[in-house]
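# A look at the structure
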Amino acid sequence: MSAQKRQLHLGLFLFSTGYHPAGWRLPEAVTDGAFDPKFLHRVARRLEEAKFDFFFLGDALASSADMQYQFPSQMVRLEPFTMIANIAAVTEKIGLIVTANTTYAEPYHIARLTASLDYLSSGRVAWNVVTGADTRAALNFSREKHWDNAKRYDYADEFVQVVKDLWDSWEDDAFVRDKAGGVFVDESKVHKINHAGEHFSVAGPLNVARPPQGQIPLLSAGTSERSQELGAQFSNAIFTGQIHIAGAKQFYSGIKSKMAKYGRDPGELSILPGLVPLVGRTEEEARAKYRELNELLVTDFNLAPLSARIGIDLSGYSLDGPLPDLELSTLPGGAAKDLVTLAQRASGREDITVRELFHYFSATCRGHLLIVGNPEQIADQIEEWFVQEAADGFNICPPYMPGGLDLFIDLVVPELQRRGLFRTEYEGSTFREHFGLSRPDNRFAKRAVLQTAAE
Ligand SMILES: Cc1cc2nc3c(=O)[nH]c(=O)nc-3n(C[C@H](O)[C@H](O)[C@H](O)COP(=O)(O)O)c2cc1C
């Protein structure tokens, strides 16, 4: 990490029809962007114009048609490695994050794919390590069930270690390409990894040279304790869903304090919560768009999940009546009040109805904070979270596409730049450089140097 002033990191979490479940129904929304390279190129170029750190593609290994009401963007989409290879060809600076699930993959494949993409993008790739949020994936991979958390993370820990070793199996200067002498490669600089562990046995070397970034940056996004440990040990960024600043600060300091036991500096890891910014040129415009989106929600108003979330049975309440007394909540820690406060802020009024609370809950129940406002109001909240170390930056999830992204880029990014919080130019060209991360030495070369010194 360089000694420069701490700067905000911004990335796009791609939901091709927007994060809001009804985003695709707005008259101006693009509905088929997920499969349209022109649309995806336009999005990537806009991110680069705005000097974003990264373009992030999540992934899952299962689908069903009923996801259309809650997760239309995740129901069908392009496979991330293929798509990023295409995006890399039309961009120059933006970091590119692919998600790959360790539970249903082999380390040699993932090392090869990521290293190849790092070459094709000139060092702009990062890998989001997931163990799988969708349990249905098992049925698509000849298994009876999704492994439990402990098994998934035992496997993932070893998997990541093997991939990291494979990336280093060729030293940077292994290729001598000596035409006169007829030596293409210095064989003393090519290493078998000879990994023999509980889950994998991998000889190596990889059949791709050491990637441009040396070690490709890792990201993770799980919520469990094991995932947090994996993040503290290996990740350069952690994605998270946080909707309250107090909880986010706790998560932030908790993860950073775990890093010391792995010999890591807290500056090597950025915490990046998701953020759904509903931006208007004015506050009124933003609120009107929020209402428009909510009215387009296709729902049967099943209040059971919301009741569970706030600890109050809402079945006897009228949708257009006032909220119940929040003191009735059976949950500890003010969970009901926290959600209601956010919903009130989004609506801009205290006297919201059960329907309005339901709308806010539906728009955010996948875990990310939705805020509504003019550019200054949105920038204020970003600044507050950043300054208070609740976040090092945000994974931006526009509520609708591409208009929701355009407004953020055209109005909020300049405001953040005016405040000196966000870059006005790229200082580097690789993912590592955007995050101020140095390029690590090759573990085998380092070992050889240490051995020579000891002799
Ligand atoms: C912002 C964010 C993005 C995520 N993206 C994905 C994803 O694309 N694919 C996936 O399988 N899981 C994704 N997850 C879920 C986790 O990475 C994790 O694999 C899952 O929650 C199971 O692990 P856990 O039990 O540790 O939470 C995401 C989580 C968060 C917070």
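The protein appears in an unreviewed UniProt entry as FMN-dependent oxidoreductase (Nitrilotriacetate monooxygenase family) from Cohnella phaseoli.

Moving on to the overall build of the protein. When you go through the protein residue by residue, the secondary structure sums to 15 helices and 13 strands. A compact globule built from 455 residues would reach a C-alpha radius of gyration of about 23 Å, and the protein, at 23 Å, matches this within 12%. Considering only C-alpha atoms, the protein reaches an extent of 85 × 50 × 40 Å along its principal axes. For the protein, with 455 residues in total, the buried portion stands at 55%. Carbon and sulfur atoms make up 52% of the accessible area of the protein, which amounts to about 19900 Å² in all.

All chains considered together, the criterion is met by one cavity of 30 Å³ or more. In this model, the largest cavity occupies a volume close to 120 Å³. Residues belonging to the lining of the largest cavity are distributed by class as follows: eight nonpolar, three polar and one charged.

With a probe scaled to a water molecule rolled over the atoms, the places where space remains empty come into view. As a volume, the largest pocket reaches approximately 1000 Å³. Lining the largest pocket are 43 residues, with Phe13, Gln74, Val130, Ala133 and Ala221 sitting closest to its centre. Broken down by secondary-structure element, the contributors of at least two residues to the lining of the largest pocket are helix H2 (72-75), strand E3 (95-101), strand E4 (125-130), helix H5 (149-167), strand E10 (237-240) and strand E11 (270-279). Each of domain 1 (9-278 + 380-451) and domain 2 (283-372) gives at least three residues to the lining of the largest pocket.

Attention now goes to the pairing of E4. Most of E4 is tucked away, with six of its six residues classed as buried. Side chains of E4 alternate between two faces, with Val125, Trp127 and Val129 and Ala126, Asn128 and Val130 buried alike. The sheet contact formed by E3 and E4 spans six bridges and is parallel. In the sheet register, Val98 faces E4, and the bridge partner there is Trp127. Viewed along the sheet, the connection from E3 through helix H4 (residues 107-120) into E4 turns out right-handed. As judged from the three bridges shared by E4 and strand E9 (residues 218-220), these two strands associate in the parallel manner. Note that in E9 the partner of Val129 across the bridge is Ser220.

For the rest of this paragraph, the subject is the packing of H4 against H5. Taken N-terminus to C-terminus, the directions of H4 and H5 make an angle of 50°; their axes are 9 Å apart at the nearest point. Comparing their axes, H5 and H4 come out oblique. Of the two elements, H4 crosses H5, and the hand of that crossing is right-handed. Counted together, Pro107, Tyr108, Ile110, Ala111, Thr114 and Ala115 of H4 and Phe159, Val162, Val163, Leu166 and Trp167 of H5 form the full contact between these two elements.

As a further point, take the site of the ligand. Among the 20 residues in the neighbourhood of the ligand, the closest are listed as Asp59, Tyr153, Ala221, Thr223 and Ser224. At 2.5 Å from a nitrogen atom of the ligand is found a main-chain nitrogen or oxygen belonging to Asp59. At a separation of 3.3 Å, an oxygen atom of the ligand approaches a polar side-chain atom of Arg152. The protein chains hide 83% of the 610 Å² of surface that the ligand would expose on its own. When each cavity is represented as a set of grid points, the ligand is found to reside in the largest pocket. Sorting the residues of the shell around the ligand by element identifies H5 and E10 as the ones contributing at least two each. Residues that form the shell around the ligand fall into these classes: six nonpolar, 12 polar and two charged.

Moving on to the side chain of Thr364. Inspection of the secondary structure puts Thr364 in helix H11 (residues 354-364). Separated by 2.9 Å, the side chain of Thr364 and the backbone oxygen of Tyr360 make a polar contact. What Thr364 contacts, discounting residues up to four positions off in sequence, is Tyr19 and Leu370.

Axis separation between helix H12 (residues 375-387) and helix H13 (residues 403-418) bottoms out at 9 Å; the angle between their running directions is 55°. Looking at the two axes, H12 sits oblique to H13. Here the hand of the crossing between H12 and H13 comes out right-handed. Between H12 and H13, the residues in contact are Pro375, Glu376, Ile378, Ala379 and Ile382 and Phe408, Leu411, Val412, Glu415 and Leu416, respectively. The class makeup of the residues in the contact of H12 with H13 is eight nonpolar, no polar and two charged.

Counting buried positions over the 11 residues of H11 gives 10, a clear majority of the element. For H11, the full list of buried residues reads Val354, Glu356, Leu357, Phe358, His359, Tyr360, Phe361, Ser362, Ala363 and Thr364. Buried-residue contacts for H11 involve helix H8 (283-295), helix H9 (304-310), helix H10 (335-347) and strand E12 (369-373).

Moving on to the domain arrangement of the protein. What the domain assignment reports for the protein is domain 1 (9-278 + 380-451) and domain 2 (283-372). For domain 1 and domain 2, the distance between their C-alpha centroids amounts to 32 Å. Taken together, the contact pairs 30 residues of domain 1 with 24 residues of domain 2. Interface area, domain 1 with domain 2, both sides summed: about 2600 Å², of which 65% is carbon and sulfur. Of all residues in domain 1, Tyr19, Ile243 and Leu278 bury the most surface against domain 2, accounting for 28% of the area lost on that side. At the junction of domain 1 and domain 2, the tally comes to one salt bridge. Scanning the region where domain 1 abuts domain 2 turns up nine residue pairs in polar contact (both at pLDDT 80 or more). Contributing elements (two or more residues each) for the side of domain 1 that touches domain 2: E11 and H12.

Analysis parameters
- Residues numbered from 1 in each chain as written.
- Predicted model: local features only at pLDDT ≥ 70, side-chain atom pairs only at ≥ 80, totals over all residues.
- Heavy atoms only, no water.
- Helix = DSSP H or I, 4+ residues; strand = E, 2+ residues; numbered from the N terminus.
- Rg over C-alpha atoms; globule rule 2.2 N^0.38 Å.
- Buried < 20%, exposed > 50% of the residue type's maximum accessible area, 1.4 Å probe, protein only.
- Areas by Shrake-Rupley, 256 points an atom, 1.4 Å probe, with all protein chains shown as cover.
- 1 Å grid on protein atoms, 1.4 Å probe; cavity = no way out; pocket = protein on both sides within 12 Å on 5 of 7 lines; lining within 4 Å.
- Points joined across faces, edges and corners; volume = space filled by probe spheres on them.
- Nonpolar A, V, L, I, M, F, W, Y, C, P; charged D, E, K, R; others polar.
- Domains from an automatic or database assignment.
- Pairing = 2+ DSSP bridges.
- Right-handed = clockwise from strand over helix to strand, strands pointing away.
- Axes fitted to C-alpha atoms, helices over the stretch in contact; angles between N-to-C directions.
- Parallel < 35°, antiparallel > 145°, perpendicular 65-115°, else oblique.
- Left-handed = near helix turned anticlockwise from the far one by under 90°.
- Contact = heavy atoms within 4.5 Å.
- Near = heavy atom within 4 Å.
- Polar contact = N/O pair within 3.5 Å; in protein donor to acceptor, adjacent residues only side chain to side chain.
- Sits in = over half its atoms within 2 Å of the grid points.
- Buried area = accessible area lost by both parts, 1.4 Å probe.
- Salt bridge = Lys/Arg side-chain N within 4 Å of Asp/Glu carboxyl O.

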